Amino acid sequence: MAVVEEYQNIYMTKEDKVFEYFKSVIQAVKKTRCIKIKCEKITEELQQAIASENQEHMRSVLQKYMHKYIKELELSPYIKIVYIHKEDYERLAMEDIKTQLWFMIGFVYDYEAKRSVAKEIIKKCLEKTLNQKEGFGKEEIAFFLR
């Protein structure tokens, strides 16, 4: 089992790495406490949507946040917006929508951290966290921290 876990850590997909990066950003923000309350407040509706288990509500909240952050999302080097037909979107599994909501939460934390006056403190904490994770090379860490 340890071999499988090691293999999974070393050979993460790009999506997995972005997800791990976002989880690390959230950890760094919470550890430094600089903008923790602000980020929690901004993402509260996203977290409630996930907890609701209501696909229609989850879609609605996700669309609201995408509309709010569309310019920033389109400029993000690690988020790709894919436009699909309404019928295809409505057929997405609940787990896929939840994953998108979690990505949005991570994106919001990242966006707010990079705009924060404490961004250098958060960045140092984030760098330390990413260096401790297997599967992230120095170039990838530098990419995420820019």
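Note that the structure is predicted; figures quoted are calculated from it, not measured.

> Is there a simple way to explain helix H4 (residues 55–75) in this structure?
Think of an α-helix as 3.6 residues a turn; residues three or four steps apart then line up on the same face. Largest kink in H4: about 75 degrees, centred on Tyr69. For H4, the complete set of buried residues consists of Met58, Arg59, Val61, Leu62, Tyr65, Met66, Tyr69 and Leu73. Where H4 is buried, its residues contact helix H3 (36–52), helix H5 (86–90) and helix H6 (94–115). The distance from a side-chain oxygen at the start of H4 to the backbone nitrogen of Glu56 is 3.0 Å, and the residue carrying that oxygen is Asn54.

> Help me understand the packing of aromatic side chains, please; the structure alone is not making it clear to me.
The description of an aromatic ring pair uses the distance of the two centres, along with the angle that the planes make with each other. Taken as a whole and assessed by the stated rule, the structure comprises 9 aromatic pairs. Ring centres of Phe22 and Phe103 lie 6.0 Å apart, and the angle between their planes is 80 degrees; this geometry places the pair in the edge-to-face category. Of the two residues, Phe22 is situated in helix H2 (residues 14–32) and Phe103 in helix H6; the sequence distance between them amounts to 81 residues. Neither Phe22 nor Phe103 differs from the other in exposure class; each is buried. Judged by centre distance (5.5 Å) and plane angle (75 degrees), the rings of Tyr69 and Tyr111 are edge-to-face. Placement of the pair is Tyr69 in helix H4 and Tyr111 in helix H6, with a sequence separation of 42 residues. Each member of the pair, Tyr69 as well as Tyr111, is classed as buried. An aromatic cluster of at least three residues, connected via ring pairs, comprises Phe19, Tyr21, Phe22, Phe103, Phe136, Phe143 and Phe144. Its guanidinium or amino end placed over the ring of Phe136, Lys17 lies 5.9 Å from that ring's centre, counting from NZ or CZ. A cation over a ring is seen here: Arg59 above Tyr89, with NZ or CZ 5.9 Å from the ring centre.

> Please explain the side chain of Thr129 as it appears in this structure.
With respect to the helices, strands and loops of the structure, Thr129 is situated in helix H7 (residues 119–132). On the accessibility criterion, Thr129 (7% relative accessible area) is buried. In contact with Thr129, other than residues within four places in its own chain, are Ser24, Gln27 and Lys31.

> So what exactly am I meant to see when it comes to the confidence of the model for the protein chain here?
Of the residues in the protein chain, 92% reach a pLDDT of 70 or more, and the chain-wide mean stands at 87. Mean pLDDT per element in the protein chain: helix H1 (residues 2–10) is the minimum at 39, and H3 is the maximum at 96. Ignoring residues within four places in sequence, the model shows residues 1–10, a span with pLDDT below 50, making 5 contacts including any to other chains.

The rules behind the values
- Residues numbered from 1 in each chain as written.
- Predicted model: local features only at pLDDT ≥ 70, side-chain atom pairs only at ≥ 80, totals over all residues.
- Heavy atoms only, no water.
- Bend = angle between axes of the 7 residues up to and from the residue.
- Helix = DSSP H or I, 4+ residues; strand = E, 2+ residues; numbered from the N terminus.
- Buried < 20%, exposed > 50% of the residue type's maximum accessible area, 1.4 Å probe, protein only.
- Contact = heavy atoms within 4.5 Å.
- Polar contact = N/O pair within 3.5 Å; in protein donor to acceptor, adjacent residues only side chain to side chain.
- Phe/Tyr/Trp six-rings, centres within 6.5 Å; stacked < 30°, edge-to-face > 60°.
- Lys NZ or Arg CZ within 6 Å of the ring centre and 35° of its normal.
- pLDDT = per-residue confidence, 0-100.

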